[in-house]
Structures are given as C-alpha cells and as structure tokens.
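# Architecture and fold: a report
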Amino acid sequence: MESKIKDIGLWPKGKERTEWAAHQMPVLLGIRRRFQKDRPLKGILVGACLHVSAKTANLALTLRDGGAEVFLAGSNPISTQDDIAAYLAQEGVHIFAWRGETEMEYFANIEQVLAGTPQLLIDDGADLTIRYHAKGATSVRGGTEETTTGVTRLRNMAQEGKLRFPVIAVNSALTKHLFDNRYGTGQSALDGVLRATNLLLAGSRVVVCGYGWVGRGIAWRAKGMGARVIVTEIDPIKSLEALMDGFEVMPIADAASLGDLFITATGNTQVIGKHALERLKDGAILANAGHFNVEIDLEALALLSASRRMVSEHIEEFVFADGRHAYLLGSGRLVNLACGEGHPAGVMDLSFTNQALCAEYLALGATTLESKVHPVPKDIDLMVARLKLESLGVHIDSLTEEQKTYLDHWE
Ligand code: ADE
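Described in the following lines is the structure provided in the data block. These figures come from a predicted structure and were not determined experimentally. (Residues numbered from 1 in each chain as written. Predicted model: local features only at pLDDT ≥ 70, side-chain atom pairs only at ≥ 80, totals over all residues. Heavy atoms only, no water.)

Ordered in space as E9-E8-E7-E10-E11-E14-E13-E12, the eight strands form an open sheet in which the pairing is mixed. A single partner strand is all that each edge strand has here, and the edge strands are strand E9 (248-249) and strand E12 (305-312). Bridge analysis of strand E8 (residues 228-232) against E9 gives two bridges, and the strand direction is parallel. Paired with Val231 across the bridge in E9 is Val249. (Pairing = 2+ DSSP bridges. Helix = DSSP H or I, 4+ residues; strand = E, 2+ residues; numbered from the N terminus.)

Given below as structure tokens:
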C-alpha cells in the first residue's frame, strides 16, 4: 500500500532527527535490538494512530524490526512532522499523515490504516479504535491506548459492552503517566508556548486549568520559571493539593480576568467557556494541552470577536467588540505538538517502551484476555523503570532478606 505524505524528499532530515531522538531513547533502543533478534511481532499487521514525531518514528521502527508490518496515521491534524513522515515512508512504514490535514483528511487517513486489516491497534486518543468498531471489522485481536482521554473513551465503550477486543491502557503504567504526563507535558507545553510567543514567564500570571498529572507538571514548571501560577480545578482533593503545593486556587470565572497566559489540561470540554472569555484582560494568551481542541470554547471565541487574523504561524489574534485582544495558540490544539516538537525523547523513551512491550504482550497472548480495558502488567512497568535507571547510570538499593521478612509479618 502506498503512503500518503507531504513530500518524500524530506526524508534525510527526518532520518537525522529520528537518530538524534534515538540517542535519548536508550531503553527503547535496547528493546529494538532484542526485537531484531526475537521477532516477536513476525507477520503481524499493526495499525497505529500516533503523533508523527521523531520519537514515534523510533517506536514504529522498533515494531517493524520486531517483524510487524506497520500502518500509521497521525493522531491530530496538525501534529505531524513531515520530514519524519517522509523518513518512515522511506523505511517501509505505510504512513498516511501530513501537517495541516483537514478534519476529513484526518479521518480518511485513519480509514487507510484500517484498510490494511490490522491485527493490533496502537492508538492515541481512541479515534482509530472507535472507527474500527464503527466499521464492524473483525481483524483486530488487541490494542493499546496511549493517553488519558483515549482511556476514558474506551472505558465508557467497555462499560456499555461495546468494546470487542482487549485494550491495554498504556497510560495506566506508572512509568507512563507519572513521567510523560507530568514531566513530558509539563515541559513541552511551555516549550510550545515559548516557541510560539517568546513570552517572558517570570512575573507573568499563568492560569493552569486542571491539576491532574499534566496540569501539575505545567504548574510546577511555570512556577520554576518565575510565573505567578493560578490553578483552577473541579476536584476538591486536587484543589487542596494545588493549594498546599503553593498555588492560588480559584474558579475560572475569577481567574479569567487575571491571567496573562491560560493553559487547559483537563480532558474536558468548554473549560474556558463564553463567560470566562468575556472577562479576559487585553492581550490574554490561550493555549490547550489536552488531547482534543474542545477545552477552549472556540465557537464562543469566534462569536465574541469583531475580527480575527493570524499574526504569526501559530498565533491567531481575536479582537473583541470593545477592542480587547485575545491570542489563541495552535488553533486550540495540543500546544506542545502544534507549536513545538512534542515531548522530549527522554520521556517518550518510557511511554514508547511500554507501548512496544505491550504490543509484544498482546501478540503473545491477547486471545486469553477479556474484551475490556486492562492495566499495563506490573512486571512491564517495573522493568521499564529499572531499564531507564540503568540507562541513566543510577543504582538503587534492594531489600535484604531481613527486611523482606520484617515486611511480611504483622507481629
Ligand atoms: N511525540 C510523539 N507522541 C507524543 C505524545 N503523545 N505526546 C507528546 N509528544 C509526542
């Protein structure tokens, strides 16, 4: 099957960038070397819907070297890096992705992946898995899901009895969400904002919506760069944590008129709704770090505006009727990937090693698993942590026999 990408001529740059990322992905590289020998995915058709970045290229090549035939679509219309897509096409991955897809093209590309009759799905956001189910196809025996939003959608499906194969929630691994969501998005969301705006964070009022692992990563990193951080949150326990972590906590309606920069990270819709948008101060910058572009009410933003225009590649200016300006980054899509390169490779090393090992786990035994959402097996999670520590040259203690005995008794 032919790939559909922007420009195959971009592949040498994509190769260089993939190899650069690989230097920071030693754990995945180790798995890739083992896969080259053991070929655990031999003959398996893998369909994937992932952000096409240098890190994803290293995962795709790991799967290919494990014996899989890989079909890949982007998991967001504007997150694909075209040089990486070109390199993957050059390397024999069937890839259907380019930066700036329309919504229709985005779904058509997912359909192309499904046309490859995949047996395993690797998803980020669950669009691929949901489309597969809508088609009534029968080729898949198991899947994995990368992100919080995707896991929530698939759990809802499973609860209604609609999920037709087992899915491993890679996001459930501690070596995924404690690191990728917190340190990965924490750094890369700010990286995306800074690349787009060159904003001085020190002294700025940054409003972080949501205090899950992503929100707290962003809040802590912004604080570390001297921003005055406000957190908005609906969960009382997380709100209390944010407060005791030293952040101001208040409703979005109150934060709306205070923030210089807003970053949403809730996984929910209309987090910055019409009421909050109406109260923004002149010059407020709006960015989203959640999977879908639904957290900022883009319709309300358009309706409130007398005019709008792009002022740079990633910044859209909205002028309200009373003359106030608001600036939207990356069309309200994942700011780290729309305005930057996504997470650092060093953290995707953990996430994508989990993905590769879960693909192997499913390839070896998916038929024995129930059709529901499963956690990542504990031994995989622990192995990923051990390998990462090893790669960083960090040694840790282990329990002595005496200590084990002590812990096993109640007396
Ligand atoms: N690069 C590749 N996949 C990514 C993801 N899910 N988040 C951020 N950066 C990425």
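Judged by side-chain polarity, Leu240, Leu243 and Met244 come together as a nonpolar surface patch covering roughly 340 Å² of accessible area. Note that Met244 resides in helix H10 (residues 236-244). Look at Met244 and you get exposed, because its relative accessible area is 68%. (Patch = residues over 30% accessible without salt bridge, like charges linked within 9 Å, V, L, I, M, F, W, Y side chains within 5 Å. Areas by Shrake-Rupley, 256 points an atom, 1.4 Å probe, with all protein chains shown as cover. Salt bridge = Lys/Arg side-chain N within 4 Å of Asp/Glu carboxyl O. Buried < 20%, exposed > 50% of the residue type's maximum accessible area, 1.4 Å probe, protein only.)

Further remarks concern the packing of aromatic side chains. All chains considered together, the criterion is met by five aromatic pairs. When the centroid spacing of 5.6 Å and the interplanar angle of 80 degrees are considered together, the rings of Trp220 and Phe247 count as edge-to-face. With Trp220 in helix H9 (residues 213-224) and Phe247 in the loop between H10 and E9, this pair connects stretches of sequence that are 27 residues apart. A residue is classified by how much of its surface remains accessible, and Trp220, at 37% relative accessible area, is partly exposed. Grouping aromatic residues by their ring pairs yields a cluster made of Tyr211, Trp220 and Phe247. A cation over an aromatic ring shows up here: Arg216 above the ring of Trp213, its NZ or CZ 4.9 Å from the ring centre. In this structure, Lys223 is placed above the aromatic ring of Phe247, and the distance from its NZ or CZ to the ring centre is 4.9 Å. (Phe/Tyr/Trp six-rings, centres within 6.5 Å; stacked < 30°, edge-to-face > 60°. Lys NZ or Arg CZ within 6 Å of the ring centre and 35° of its normal.)

Another point: the environment of Gly342. Note that Gly342 resides in the loop between helix H14 (335-338) and helix H15 (345-365). The class for Gly342 is buried, based on a relative accessible area of 8%. Setting aside residues no more than four positions away along its own chain, Gly342 makes contact with Lys55, Ser188, Asn336 and Leu337. (Contact = heavy atoms within 4.5 Å.)

Judged by nonpolar contacts, the single largest core of 49 residues is most densely connected at Val52, Leu63, Leu72, Leu88 and Ile95. Listed by contribution, the elements that provide at least two residues to this core are helix H2 (26-38), strand E1 (45-49), helix H3 (54-65), strand E2 (69-73), helix H4 (82-90), strand E4 (120-123), H15 and helix H16 (378-391). Here the element with the most residues in this core is H15; it accounts for 11 residues. Contacts of Ile95, omitting those with residues within four sequence positions, involve Ser3, Lys4, Ile5, Val52, Leu72, Ala85, Leu88 and Ala89. Counting 29 residues, the second-largest nonpolar core is a separate cluster that includes Ile78, Ala189, Ile263 and Cys339. (Core = buried A, V, L, I, M, F, W, Y, C linked by side-chain atoms within 4.5 Å.)

With the rule as written, the count across this model stands at zero disulfides. The thiol of Cys209 is not disulfide-bonded; the next cysteine sulfur, from Cys339, is found 17 Å away. (Disulfide = S-S within 2.5 Å.)

This brings us to helix H1 (residues 11-23). End to end, H1 covers 19 Å across 13 residues, agreeing with the expected 18 Å (1.5 Å per residue, within 8%). The set of residues buried in H1 consists of Gly14, Arg17, Thr18, Ala21 and Ala22. Angularly, the buried residues of H1 cover 145 degrees about the axis, an arc narrow enough to put them on a single face. In H1, the exposed positions angled more than 90 degrees off the buried face are occupied by Lys13, Glu16, Trp20 and His23. (Expected span 1.5 Å × (residues − 1). Arc of directions from axis to C-beta.)

Let's shift gears to the site of the ligand. Looking at the ligand, the residues that line it are His51, Ser53, Lys55, Thr56, Asp124, Asn336, Leu337, Gly342, His343, Met348 and Phe352. One nitrogen or oxygen atom from the main chain of His343 is found 2.9 Å from a nitrogen atom belonging to the ligand. Considered on its own, the ligand offers 260 Å² of accessible surface; in the complex 94% of this is hidden by protein. Elements supplying a minimum of two residues to the shell around the ligand: H3, H14 and H15. Taken together, the residues of the shell around the ligand sort by class into three nonpolar, six polar and two charged. (Near = heavy atom within 4 Å. Polar contact = N/O pair within 3.5 Å; in protein donor to acceptor, adjacent residues only side chain to side chain. Nonpolar A, V, L, I, M, F, W, Y, C, P; charged D, E, K, R; others polar.)

Another point: the environment of Ile31. Mapping Ile31 onto the fold places it in helix H2. You can call Ile31 buried: its relative accessible area is 5%. Through-space distance from the C-alpha of Ile31 to that of Leu59 is 9.9 Å; in sequence the pair is 28 residues apart. Non-local contacts of Ile31, meaning those with residues more than four positions away in its chain, are made with Thr62, Thr353, Ala356, Leu357 and Leu387.

On to the side chain of His374, then. Along the chain, the position of His374 falls in strand E15 (residues 373-375). The class for His374 is buried, based on a relative accessible area of 12%. Beyond its immediate stretch of four places on either side in the chain, His374 contacts Pro166, Val167, Ile168, Ala169 and Leu369.

With 12 residues, helix H7 (residues 148-159) should reach 16 Å at 1.5 Å per residue; the first-to-last C-alpha distance of 16 Å fits that figure. For H7, every residue scored as buried is listed here: Thr149, Gly150, Val151, Leu154 and Met157. Structurally, H7 contributes buried residues whose contacts are with helix H6 (127-135), strand E5 (142-145), strand E6 (167-169) and E15. Backbone geometry just downstream of H7 places Gly161 in the positive-phi region, at approximately 75 degrees.

On to the pattern of salt bridges, then. Tallied over the entire structure, the rule returns 27 salt bridges. Taking the shortest distance from any N to any O, the salt bridge between Lys6 and Asp82 comes out at 3.7 Å. Taken together, the residues Lys6 in the segment before H1 and Asp82 in helix H4 connect sequence positions 76 residues apart. Its relative accessible area of 48% is what places Lys6 among the partly exposed residues. Glu160 is paired through a salt bridge with Lys162; the nearest N and O atoms lie 3.4 Å apart. Given the relative accessible area of 57%, Glu160 is considered exposed. Judged by relative accessible area, Lys162 falls into the partly exposed class, the value being 49%. Within this structure, Lys13, Arg17, Asp83, Asp191, Arg195 and Glu341 form a network of salt bridges that share partners.

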